[in-house]
Amino acid sequence: MSIISNSLKRIKPSPTIAVTQKARELKAAGKNVIGLGAGEPDFDTPNNIKQAAIEAINKGDTKYTAVDGTPILKQAIVNKFKSENNLEYSIDEVTVGTGGKQVIYNTFMATLNKGDEVIIPAPYWVSYPDMVLLAGGKPKIVKCNENDGFKLTPKNLKKAITKKTKWLILNSPSNPTGASYTKEEIKSLSKILIRNKKIHILSDDIYEHITYDNFNFFTIAQISELKERTLTMNGVSKSYAMTGWRIGYAAGPKEIIKAIGKIQSQSTSNPSSVSQAAAVEALNGTQEFIETRAEAFKKRRDFVVESLNKIKGINCLKPNGAFYVFPSCKQLLNKKTKLKTDKEFVEKLLEHSNVAVVQGSAFGLEGYFRISYATSMENLKKALERISNFCKNLS
Ligand code: PLP
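Source: prediction; values computed, not measured.

### Focus on the site of the ligand
If you check the shell around the ligand, you find 13 residues, and the closest are Gly 100, Asp 204, Tyr 207, Lys 238 and Arg 246. A distance of 2.7 Å is found between an oxygen atom of the ligand and a side-chain nitrogen or oxygen belonging to Lys 238. One nitrogen or oxygen atom from the side chain of Arg 246 is found 2.8 Å from an oxygen atom belonging to the ligand. When isolated, the ligand has an accessible area of 400 Å², and the protein chains bury 92% of it. The element best represented in the shell around the ligand is helix α5 (residues 99–111), accounting for three residues.

Structure representation (C-alpha cells):
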C-alpha cells in the first residue's frame, strides 16, 4: 500500500512550473534557452516597497501577526476596494494569505463537500481544477472558443449549471489567454447568476492592473445583487512585481472569510510579517509605475501578436490584459509536420529551437500554446525569430 493519500493521487504537479523548471535546467546545462513559460513580471519590486520591508525588519515587525493579516494591511485592502472598485467592505470581510494561491486553495478547502461542482471556464489557470479535486470537489470544465475571445458565454454558463454547482470561477484578465471581460459581458453572465441563488462566484482579479487600450476593468462583485455571493481575490504579486513576497487577499462573505482564517490558523498561520508591511506600502504608496509598466507590456504584446500572425500556420488574438497570449498552432498539427498534439509542438520547439512555452492542453484547451511576454524585448525578438524559423521548417 502506498504511503501517499488518495486525494493527492487525484492531482498533478503544476505544468507551468514544470516547464519553467525544465528551461532552468537546460540553461544550467549550457543551452541557450529562452523561457517564455513563467507567469511573473520580469521587473523588479519598486524601491519604496523594498524600503518599507527593510524598515519593518529594523522596527522589529518580525513576529507572528494576526493569522489572516494585520489590521493595517486589511485597512489598506478595504481602501483599495473602495477607491478602485467602488466596493464597500469592513475589515472582517477581508482575509490575507500567502499569495493568491493560498487564498483560493483555502476557499475550496473551506467550502467544498464531496461531489460539489465548480464551473471552470477553459482555458483556465492550471491550479484551479487540481485545487478543486484536492478539496474533494468536481471541476466542471466549460471550453470557451477562440471565436468568443476565449470567454464564457451566458449560453455556455447556463448549460453548465446543475443542482450541485457551488462555485463559478471567473478570471479576468485571464491567465493563460489575456482575455478580459467587459462590464457588458459580466452583466450578461450576472443575469443567469442572479437567478441561480445557490451559486457563489470566485472572481480572480490578480491581473486587474495589467490592462491595455483603455480597457475599463470591471469586477462581478460590483453587481450589487451578487456581492454577497462573491469572493473577490486579488494580490500584489503581478501588479507590483512581488511574486516572491507571497501576499494575496480576498474580500467577501464573513462566513467564508472566517472559515479561511480557521484553515490558515491550523496550517501556515499568518503570511510573512515583513511581506505584509511591504504590501501596505504597495497599496498605499505611489501607483505611478503601474502605468509605465503596463505601457512596456503593451509594446511587447503588440510586437508578439504581430510577429506571431506573420507566421504561416499560427493565429493569435490580441487580448486586453495580463502578459500572456494564446496562439493557435492547429494548422501545424498534421501529417506533413508529423506533429499530432500541441504538447508535441512545444516539445519539438524546445528541443530544436530552444524556446520554452506551455501547451494549451495544460490549460484545458488543445491546439494552442501560451506565451508569457513578461521578458525583455530583446529576448522576445530572438524568441519570435526562432519560433518563426521553427514553423517554416515544419511545413
Ligand atoms: N491566479 C492566477 C490567474 C494566476 O495566474 C496566479 C499566479 O500565477 C495566481 C492566481 C496566484 O498568484 P500568487 O499566489 O502569486 O499571488
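### A closer look at α5
Since the α-helix turns once every 3.6 residues, residues separated by three or four places project in the same direction. Taking 1.5 Å per residue, 13 residues should reach 18 Å; α5 reaches 19 Å between its end C-alpha atoms and fits that length. Within the sequence span of α5, burial applies to Gly 99, Gly 100, Gln 102, Val 103, Ile 104, Asn 106, Thr 107, Phe 108 and Thr 111.

### Observations regarding the side chain of Lys 238
With respect to the element layout, Lys 238 can be found in the loop between β7 (230–235) and β8 (248–251). No salt bridge is formed by the buried Lys 238, whose closest oppositely charged neighbour, Glu 40, lies at an N-O distance of 7.2 Å. If sequence neighbours within four positions are ignored, Lys 238 has contacts with Gly 39, Pro 41, Ile 206, Tyr 207, Ile 210, Phe 323 and Tyr 324.

### Considerations on the nonpolar core
Ranked by internal contacts, the top residues of the largest apolar core, which has 73 residues, are Phe 108, Leu 308, Ile 314, Phe 345, Phe 369 and Ile 371. Per-element tally for this core: the top contributor is helix α14 (residues 377–394), with seven residues. Residue-level mapping places this core at the junction of two domains, with at least three residues from each of domain 1 (6–44 + 289–390) and domain 2 (63–284). Setting aside residues no more than four positions away along its own chain, Phe 345 makes contact with Ile 314, Cys 329, Leu 332, Leu 333, Leu 339, Phe 369, Phe 390, Cys 391 and Leu 394. Residues Leu 73, Met 242, Tyr 249 and Ala 282 belong to the second largest nonpolar core, which totals 27 residues.

### Considering the packing of helix α4 (residues 71–85) against helix α11 (residues 273–284)
Interhelical geometry of α4 versus α11 gives an angle of 25 degrees and a closest axis separation of 9 Å. Judged by the angle between their axes, α4 and α11 are roughly parallel. When the axes of α4 and α11 are compared, the crossing they make is left-handed. Note on element contacts: α11 touches α4 through Gln 276, Ala 279, Val 280, Leu 283 and Asn 284, opposite Ile 72, Leu 73, Ala 76, Ile 77 and Lys 80. Taken together, the residues of the contact of α4 with α11 sort by class into seven nonpolar, two polar and one charged.

### Some remarks on the packing of aromatic side chains
By the definition in use, this model includes 17 aromatic pairs. Ring centres of Phe 81 and Tyr 249 lie 5.9 Å apart, and the angle between their planes is 90 degrees; on these two criteria the pair is classed as edge-to-face. Of this pair, Phe 81 sits in helix α4 while Tyr 249 sits in strand β8; the two residues are 168 residues apart in sequence, bridging distant segments of the chain. Pair check on accessibility: Phe 81 and Tyr 249 agree, each one buried. With 5.1 Å between their ring centres and 40 degrees between their planes, Phe 345 and Phe 369 make a pair best called tilted. Of this pair, Phe 345 sits in helix α13 (residues 342–353) while Phe 369 sits in strand β12 (residues 369–372), placing them 24 residues apart in sequence. On the basis of relative accessibility, which here comes to 0%, the residue Phe 369 falls in the buried class.

### Section: the pattern of salt bridges
Within this structure, the stated rule accounts for 18 salt bridges. Across the pair Lys 138 and Glu 117 runs a salt bridge, and its minimum N-O distance is 3.8 Å. Here Lys 138, found in strand β4 (residues 138–143), pairs with Glu 117, found in strand β3 (residues 117–122); they are 21 residues apart in sequence, far enough to count as distant. Residue class for Lys 138 comes out partly exposed when judged on its relative accessible area of 46%. Judged by its relative accessible area of 7%, Glu 117 falls in the buried class. Among the ionic pairs, Lys 318 bridges to Asp 302, the shortest N-O distance being 3.5 Å.

Cut-offs and rules
Residues numbered from 1 in each chain as written. Predicted model: local features only at pLDDT ≥ 70, side-chain atom pairs only at ≥ 80, totals over all residues. Heavy atoms only, no water. Near = heavy atom within 4 Å. Polar contact = N/O pair within 3.5 Å; in protein donor to acceptor, adjacent residues only side chain to side chain. Areas by Shrake-Rupley, 256 points an atom, 1.4 Å probe, with all protein chains shown as cover. Helix = DSSP H or I, 4+ residues; strand = E, 2+ residues; numbered from the N terminus. Expected span 1.5 Å × (residues − 1). Buried < 20%, exposed > 50% of the residue type's maximum accessible area, 1.4 Å probe, protein only. Lys, Arg positive; Asp, Glu negative; His and termini not counted. Salt bridge = Lys/Arg side-chain N within 4 Å of Asp/Glu carboxyl O. Contact = heavy atoms within 4.5 Å. Core = buried A, V, L, I, M, F, W, Y, C linked by side-chain atoms within 4.5 Å. Domains from an automatic or database assignment. Axes fitted to C-alpha atoms, helices over the stretch in contact; angles between N-to-C directions. Parallel < 35°, antiparallel > 145°, perpendicular 65-115°, else oblique. Left-handed = near helix turned anticlockwise from the far one by under 90°. Nonpolar A, V, L, I, M, F, W, Y, C, P; charged D, E, K, R; others polar. Phe/Tyr/Trp six-rings, centres within 6.5 Å; stacked < 30°, edge-to-face > 60°.

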